[in-house]
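Secondary and tertiary structure notes
Here is what each chain is made of, one letter per residue.
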Amino acid sequence: MQQTLPVIRTTPADMDWGTDLWDQCDQIEKHTQSGIDLLELYVKFVKERTEIEQSYAKQLRNLTKKYAKRGSKDELDCKFSNHASFQEILNELNDYAGQREIVAENMTTGICAELNKYLQDLKQERKGHLSEAKKAQQNLESSFKHLESTKKRFAKEWAEAEKATQQAEKTEHDVNATKQDVEKAKHHAHARTHTAEESRNDYAAELQKYNKEQNYFYYTEIPQIYNKMQEMDEQRIRHLAKGYCQFSDVEKNVLPIISKCLEGIAAAGNKINEKQDSMLFIEQHKSGFERPADVEFEDYTQGIKAATSDSSLNPPKVRAKLWPFNKKHKPPAAEDFSHLPPEQRKKKLQAKIDDINKELQKTQDQSDALEKMKGVYEQNPQLGDPTSLEPQISETTHHIGRLRGELAKYETWLSEAVGGEESANVINNNAQHVNVAADQTRNLYTEFDDEFEDVDPPLGQCTVLYNFEGNSEGTVSIAEGELLSIMEEDKGDGWMRVLKGNGKEGFIPSSYISRDS
């Protein structure tokens, strides 16, 4: 990661800690400790910032997960551009959360970890410099103490020498003193004087040595230590400045990707097509039924027709309602999609046929590959045993047969759906009118109920071959093997009217039954 290097400003060559702050040891110690405290404070600040970023990223990810679409119904909604765009926005926001995690990670590794490592080295270096300065100070103080001791010894010896000299002079002028006493006093004075001179020379040498050490301490040793501490502190400042710049650079490095995320969000909003969504909604839910025809006027002022008439007094027993206004619970799904309106049923059947064709083509390719491999094994037995492929070939062949059977079944249902659509529309649109007429007739002529309750005789008998869920209005449910009475033949639309043993009557697909002889 490219870092922006801080500008390093140099101080004048004649100003440094060793020269100008030679006597400010305590202040230097406090200042360097203050710098370390600031570095630790900055590391703590960045660490808390990374925790905020991590928490923010986690909340964003949870938010996107909460509102992401899941399940078949949601997948159906996502076909609409406004739904799909919202999911794209969630994806972009999830990517944005990832960039916040990168910011937190780079701050942790690039700033906190590096500065923490440098802090340990800095503390050790500072401790070493302070220890070195303290040791130099102790050596100078020890040398000074030795100088003071030598000086006191010189003062003592010199005082003793002067006292001995005065005593010798007093003895010499004493008339009662013998020559031997005078000589002894002079010899003692001479010895004390000699000792004093040696002490003086020792003191002079020690003083010279101390001055040299003091000069080295104040002009060389301490300045070197303080200058090293100055360099150490300036290096600390450079590291801190670099950390400040990294704080910005880490954010700048993710800005291009964050900008792309924001551009993606804007693009998701711009790509919404409300007209396309409306057309898609129509395609998904278009039933294919025709609108109801006008209700015909039935004039009862002309008198009552004969009881044998097939007028409104004996309407077909069809109990159907319009698709758009059916408020019943959604019927269970049927394998042939007969529970759907004609238009939707055709789409579902066609989609199922397409899926089966794809699966059939895939299985056929697999079968061809196995046959080729078997041929290669037969020509080159060393490559493999041809009989080892027989189970796979047999299984594939069986699967192809099953798929072809499924394909034929769904193609038959599609053909029935296409052929029977017009009849279904007629049933749906006009059944309500028959019911209205029947209701009016029953209201007006209730006294004739018993007389006109007869039903047309059945045209024949049939046996059900396949199950059929009569969820569409005007149809009736049948079960395989069930015996039915044929009440109305197929008029070319693929539907016929039957009567069940329980008295229920309705339309069923003509291809679902077998006529009894």
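Identification of the protein as Thyroid hormone receptor interactor 10 from Takifugu rubripes is taken from an unreviewed UniProt entry. UniProt's Sequence similarities (unreviewed entry) comment on the protein is quoted here verbatim: "Belongs to the FNBP1 family."

What follows covers empty space enclosed by the protein. By the definition in use, this model includes 2 cavities of 30 Å³ or more. Reported here for the second largest cavity is a volume of approximately 50 Å³. In terms of lining, the second largest cavity is formed by Arg345, Glu416, Phe468, Gly494, Trp495 and Pro509. Residues belonging to the lining of the second largest cavity are distributed by class as follows: 3 nonpolar, 1 polar and 2 charged.

Moving on, we get to the sheet that holds strand E4 (residues 505-509). Strand order across the open sheet formed by 5 strands is E4-E3-E2-E1-E5, with antiparallel pairing between neighbours. Whereas interior strands pair on both sides, the edge strands pair on one side only; in this sheet they are E4 and strand E5 (513-515). For this sheet the average axis-to-axis angle between neighbouring strands, irrespective of direction, equals 45 degrees. Across 5 bridges, strand E3 (residues 495-499) lies against E4 in antiparallel orientation. Residue pairing for E4: Trp495 is matched across the bridge by Pro509.

Take the side chain of Thr475 next. Secondary-structure assignment places Thr475 in the loop between strand E1 (460-464) and strand E2 (483-488). Of the polar contacts made by the side chain of Thr475, one reaches the backbone oxygen of Gly470; its length is 3.3 Å. Among residues more than four places away in sequence, those in contact with Thr475 are Phe468, Gly470, Trp495, Gly506 and Phe507.

Along the chain, the position of Lys65 falls in helix H2 (residues 25-67). Take Lys65: its relative accessible area is 60%, and that puts it in the exposed class. Distance in space between the C-alpha atoms of Lys65 and Asn91 is 9.4 Å, their sequence separation being 26 residues.

Bringing the pattern of salt bridges into the picture now. The full count for this structure, using the stated rule, is 20 salt bridges. Arg100 is paired through a salt bridge with Glu251; the nearest N and O atoms lie 3.0 Å apart. Of the two residues, Arg100 sits in helix H4 (residues 81-172) while Glu251 sits in helix H5 (residues 179-270), which places them 151 residues apart along the sequence. The buried category is assigned to Arg100, whose relative accessible area is 5%. A salt bridge links Glu335 to Lys409; its shortest N-O distance comes to 2.6 Å. Placement of the pair is Glu335 in the loop between helix H6 (274-285) and helix H7 (342-379) and Lys409 in helix H8 (residues 390-419), with a sequence separation of 74 residues. Of the residues examined, Glu335 reaches a relative accessible area of 45% and is grouped as partly exposed. Residue Lys409 is classed as partly exposed on the basis of its relative accessible area of 27%. Salt bridges sharing common partners tie together Arg49, Glu53, Arg100 and Glu251.

Turning our eyes to something else, we now look at the packing of aromatic side chains. Following the criterion strictly, the structure yields 13 aromatic pairs and no others. Centroid distance Trp22 to Tyr218: 5.4 Å. Interplanar angle 85 degrees. Geometry classified as edge-to-face. A residue pair is termed long-range when its members are at least 10 positions apart, and Trp22 in the loop between helix H1 (17-20) and H2 and Tyr218 in helix H5 qualify at 196 residues. Here Trp22 falls in the partly exposed class, since its relative accessible area comes to 42%. An angle of 55 degrees between the planes, with centres 5.3 Å apart, marks the rings of Phe144 and Tyr210 as tilted.

Reading the values: rules and limits
- Residues numbered from 1 in each chain as written.
- Predicted model: local features only at pLDDT ≥ 70, side-chain atom pairs only at ≥ 80, totals over all residues.
- Heavy atoms only, no water.
- UniProt positions renumbered as here; feature names shortened; annotations may be inferred.
- 1 Å grid on protein atoms, 1.4 Å probe; cavity = no way out; pocket = protein on both sides within 12 Å on 5 of 7 lines; lining within 4 Å.
- Points joined across faces, edges and corners; volume = space filled by probe spheres on them.
- Nonpolar A, V, L, I, M, F, W, Y, C, P; charged D, E, K, R; others polar.
- Pairing = 2+ DSSP bridges.
- Helix = DSSP H or I, 4+ residues; strand = E, 2+ residues; numbered from the N terminus.
- Axes fitted to C-alpha atoms, helices over the stretch in contact; angles between N-to-C directions.
- Polar contact = N/O pair within 3.5 Å; in protein donor to acceptor, adjacent residues only side chain to side chain.
- Contact = heavy atoms within 4.5 Å.
- Buried < 20%, exposed > 50% of the residue type's maximum accessible area, 1.4 Å probe, protein only.
- Salt bridge = Lys/Arg side-chain N within 4 Å of Asp/Glu carboxyl O.
- Phe/Tyr/Trp six-rings, centres within 6.5 Å; stacked < 30°, edge-to-face > 60°.

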